[in-house]
Amino acid sequence: MQVSPPIEPVGFDRLMRGVGPFESAPQIAVGVSGGADSVALTLLLARWVGQRGGRLLALTVDHGLRADSHAEAAKVAAWMANLGIEHRILPWVGEKPTTGIQAGARHARLRLLADAAAAQGILHLALAHHADDQAETHRLRADRASGSQGLAGMPAIREMDHLRLIRPLLPVAKARLVATCQAWGQAWVEDPSNGNPAFARARLRLSQSVGANEAQAAQTAATARAILDGDVARLLAMHARFQPEGWVVLNRALLDAPNDRVQPLVASLLRAVGGAAYPPSPASIADLLQGLREQPDRGRTLAGCRFMPLTDGWRLLREARNLQGPARFRGGGTPVTWDGRFRLSAERVGDYSVRALDDALWRLARADRPDLSRVDMPASLRWTLPAVLSGDRLIAIPHLLYTAADMPDPGVSVVPLVSVPAVPARFAVVTAADDII
Ligand SMILES: Nc1ncnc2c1ncn2[C@@H]1O[C@H](COP(=O)(O)OP(=O)(O)OP(=O)(O)O)[C@@H](O)[C@H]1O
């Protein structure tokens with residue numbers, strides 16, 4: 001039987017160069033679940049960061065979904081203390097989903113990790129996905145017949161709102177990570193859900209071993225993806241202008257680019273503007289593109305978005321129907337995501353809810369502030385905006401800079417989830433495959 005060697009310092013330096021650049025004294029956060037993969041990554045990072053006079057912050061999310069999750073997190077904390085690695089436990093509090101638990105836990109986990117790192121001014125969050133994970137992603141996506149971008153799997157670098165998600169171990173086989181822990185004499189925990197066939201990923205691990213061919217295919221696809229992401233980012237920079245209200249102006253010339261570039265770009269745009277968890281099928285995007293090319297002056301809808309013709313392009317915006325219903329939040333800085341498009345929070349603690357601006361709320365706001373009528377905005381866009389209520393009182397329409405005159409200012413802030421005008425590359429890398437963290 002072939003024995004896998006542990007990862008040596010030189011090899012890890014090379015892996016880190018692949019996900020750079022870093023500051024001269026790098027500050028990095030790492031998600032450590034306690035499994036062999038993330039424990040190995042934490043050990044490797046601690047040495048790498050230490051050699052450069054930087055800082056490593058290890059973070060463990062306690063999902064509270066299993067009886068022993070607290071004990072496990074505490075065990076990781078003890079290991080980290082032993083190794084002299086700064087560590088924090090982040091409990092997942094609040095409502096848990098009843099269906100799609102794994103996907104819900106992944107999203108919550110990423111948010112908790114990213115927020116904790118960003119709060120410390122850390123710009124890089126490392127996760128321990130490895131080559132076997134990549135190959136599994138590849139196979140899962142192939143089973144669901146996703147487009148070429150999905151098949152390209154996870155990116156090694158993904159820009160998020162305030163930091164970069166990095167996956168330095170993507171080229172490395174899991175066996176080498178286990179060997180790394182062993183070489184360090186460091187224990188790890190086995191995740192029982194990896195053996196639970198209820199979950200697609202675990203099922204795959206149990207039913208099929210992932211072959212070298214697939215790992216190779218995933219690697220090739222990942223390279224193709226990096227090239228694709230770069231091209232898509234350039235096209236976005238040239239032809240798309242993002243607006244803070246979550247819509248985009250597109251030049252008609254965008255459609256002159258090759259289809260294998262326009263297709264994933266439009267998929268990302270639709271997902272960002274429409275707020276859906278997944279982009280629509282490649283076939284429906286192909287139909288849309290054909291329609292836009294043949295009759296550019298006709299409006300079209302797809303995936304909760306509208307293309308409204310302009311003189312030399314389109315306004316792409318959220319359709320003002322099937323928007324998410326009211327979502328409640330407590331303020332005090334804790335954010336809520338609404339309609340898959342915006343993250344809202346309020347400084348002042350209160351009993352708030354966010355829902356779509358409608359005619360009745362708009363009348364109330366204008367009665368309070370008649371000058372709002374002069375805001376130059378098409379009605380179709382207005383009805384896609386979030387309005388914030390306290391009980392049943394309208395208190396803010398953040399995009400119109402409206403706050404109710406006779407109420408204390410709740411200090412509402414709103415961030416569009418995916419539109420990042422200054423750095424289109426961030427936008428370009430959002431695909432369904434990124435949901436797998
Ligand atoms: N509870 C957690 N707390 C912090 N980070 C986590 C947690 N769970 C997963 N991660 C991070 O996300 C990565 C991917 O998660 P995934 O569920 O695929 O890993 P895992 O099966 O728990 O394995 P491992 O911990 O061995 O990496 C992990 O490698 C780790 O970096």
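Per an unreviewed UniProt entry, the protein goes by the name tRNA(Ile)-lysidine synthase and belongs to Niveispirillum lacus. Taken from UniProt, the Subcellular location (unreviewed entry) comment for the protein reads in full: "Cytoplasm". Under the UniProt heading Sequence similarities (unreviewed entry), the note attached to the protein is "Belongs to the tRNA(Ile)-lysidine synthase family."

1. Re the packing of aromatic side chains
Per the counting criterion, the structure on display carries three aromatic pairs. Ring centres of Phe22 and Trp48 lie 5.2 Å apart, and the angle between their planes is 70 degrees; on these two criteria the pair is classed as edge-to-face. Linking Phe22 in the loop between helix 1 (9-17) and strand 1 (27-31) with Trp48 in helix 2 (residues 36-51), this pair joins segments that are 26 residues apart in sequence. Taken together, a centroid distance of 6.4 Å and an interplanar angle of 85 degrees make the contact between Phe307 and Trp314 edge-to-face. Assessed through its relative accessible area of 1%, Trp314 is described here as buried. Over the ring of Phe22 we find Arg164, and its NZ or CZ is 5.5 Å from the ring centre. One Lys or Arg, Arg382, reaches over the ring of Trp383 and ends 5.3 Å from the middle of that ring.

2. Concerning the sheet that holds strand 4 (residues 124-126)
Pairing is mixed in the open sheet, where six strands are placed in the order 3-2-1-4-6-5. Each of the sheet's edge strands pairs with one partner strand only, and the pair in question is strand 3 (86-91) and strand 5 (157-159). For this sheet, the mean angle separating the axes of adjacent strands, direction not counted, is 25 degrees. Bridging between strand 5 and strand 6 (residues 164-166) involves three bridges; their strand directions are antiparallel. Residue pairing for strand 6: Ile157 is matched across the bridge by Ile166. Taken strand by strand, helix 2 contacts strand 1, strand 2 (55-62) and strand 4, and its axis lies near 170 degrees from that of strand 1.

3. As for helix 12 (residues 359-368)
Regarding helix 12, the residues found buried are Leu361, Trp362 and Ala365. One face of helix 12 carries all of its buried residues, which in axial projection span an arc of 100 degrees. Exposed and facing more than 90 degrees away from the buried side of helix 12 are Arg363, Leu364 and Ala367. Contacts from the buried residues of helix 12 go to strand 15 (352-356), helix 13 (379-382), strand 16 (386-390), strand 17 (393-397) and strand 18 (402-403).

4. With respect to the side chain of Gln186
Looking at the element boundaries, Gln186 is found in the loop between helix 7 (174-184) and helix 8 (200-207). Judged by its relative accessible area of 11%, Gln186 falls in the buried class. Once residues lying within four places of it in the same chain are set aside, the contact partners of Gln186 are Val39, Leu43, Trp79, Leu83 and Cys181.

5. Digging into the UniProt feature "binding site: ATP" (unreviewed entry) in the protein
As recorded in UniProt, the feature "binding site: ATP" (unreviewed entry) lies at Ser33, Gly34, Gly35, Ala36, Asp37 and Ser38. Note on placement: Ser33 falls in the loop between strand 1 and helix 2. Residue contacts for Ser33: discarding those within four places in its chain leaves Ser38, Val76 and Val189. Within the structure, Ser33 has its side chain in polar contact with the backbone nitrogen of Gly35 (distance 3.1 Å). Of note, Gly34 is situated in the loop between strand 1 and helix 2.

6. A few points about the site of the ligand
In the vicinity of the ligand there are 18 residues, among which Gly31, Ser33, Ser38, Val61 and Ala128 approach most closely. Within the backbone of Gly35, an N or O atom sits 3.4 Å from an oxygen atom of the ligand. Within the side chain of Asp37, an N or O atom sits 3.1 Å from an oxygen atom of the ligand. If the ligand stood free it would expose 570 Å²; the protein chains cover 89% of that surface.

7. Some remarks on unusual backbone geometry
Each neighbour pair has its own omega, and for Gly20 with Pro21 the value is 0 degrees, a cis peptide bond. Located in the positive-phi region is Asp339, a residue other than glycine, with phi close to 60 degrees. Position of Asp339 relative to the elements: it lies in the loop between strand 13 (336-338) and strand 14 (342-346).

8. Some thoughts on the pairing of strand 2
The element strand 2 is extensively covered by neighbouring structure, given that seven of its eight residues are classed as buried. Pairing analysis gives five bridges linking strand 1 to strand 2, with the strands arranged parallel. By the bridge assignment, Val30 is partnered in strand 2 with Ala58. Since strand 1 and strand 2 lie parallel, the crossover through helix 2 that links them has a hand, and here it is right-handed. Handedness of the crossover joining strand 2 and strand 3 through helix 3 (residues 69-83) is recorded here as right-handed.

9. Structural notes on the sheet that holds strand 17
Through backbone hydrogen bonds, the strands of a sheet pair up, either in parallel or in antiparallel fashion. A sheet is described by the order of its strands in space; here five strands give the open sequence 12-15-16-17-18, paired in antiparallel fashion. The sheet is open, and its two edges are formed by strand 12 (327-329) and strand 18, each paired on a single side. Bridge count for strand 15 against strand 16 is five bridges, and the pairing is antiparallel. The residue bridging Arg355 from the neighbouring strand is Ala387, located in strand 16. Strands in contact with helix 12 are strand 15, strand 16, strand 17 and strand 18; relative to strand 17, the strand with the most contacts, it is inclined by about 80 degrees.

10. Description of the pattern of salt bridges
Per the counting criterion, the structure on display carries 15 salt bridges. With a shortest N-O distance of 2.6 Å, Asp37 and Lys174 are connected by a salt bridge. A residue pair is termed long-range when its members are at least 10 positions apart, and Asp37 in helix 2 and Lys174 in helix 7 qualify at 137 residues. Asp37 gets classed as buried once you look at its relative accessible area, which sits at 16%. Under the relative-accessibility criterion, Lys174 is labelled partly exposed at 31%. For the salt bridge of Arg111 with Asp115, the shortest nitrogen-to-oxygen distance reads 3.2 Å. A residue pair is termed a helical-turn pair when its members lie 3 or 4 positions apart in one helix, as Arg111 and Asp115 do in helix 4 (residues 101-119) at four residues.

The rules behind each value
Residues numbered from 1 in each chain as written. Predicted model: local features only at pLDDT ≥ 70, side-chain atom pairs only at ≥ 80, totals over all residues. Heavy atoms only, no water. UniProt positions renumbered as here; feature names shortened; annotations may be inferred. Phe/Tyr/Trp six-rings, centres within 6.5 Å; stacked < 30°, edge-to-face > 60°. Helix = DSSP H or I, 4+ residues; strand = E, 2+ residues; numbered from the N terminus. Buried < 20%, exposed > 50% of the residue type's maximum accessible area, 1.4 Å probe, protein only. Lys NZ or Arg CZ within 6 Å of the ring centre and 35° of its normal. Pairing = 2+ DSSP bridges. Axes fitted to C-alpha atoms, helices over the stretch in contact; angles between N-to-C directions. Contact = heavy atoms within 4.5 Å. Arc of directions from axis to C-beta. Polar contact = N/O pair within 3.5 Å; in protein donor to acceptor, adjacent residues only side chain to side chain. Near = heavy atom within 4 Å. Areas by Shrake-Rupley, 256 points an atom, 1.4 Å probe, with all protein chains shown as cover. Right-handed = clockwise from strand over helix to strand, strands pointing away. Salt bridge = Lys/Arg side-chain N within 4 Å of Asp/Glu carboxyl O.

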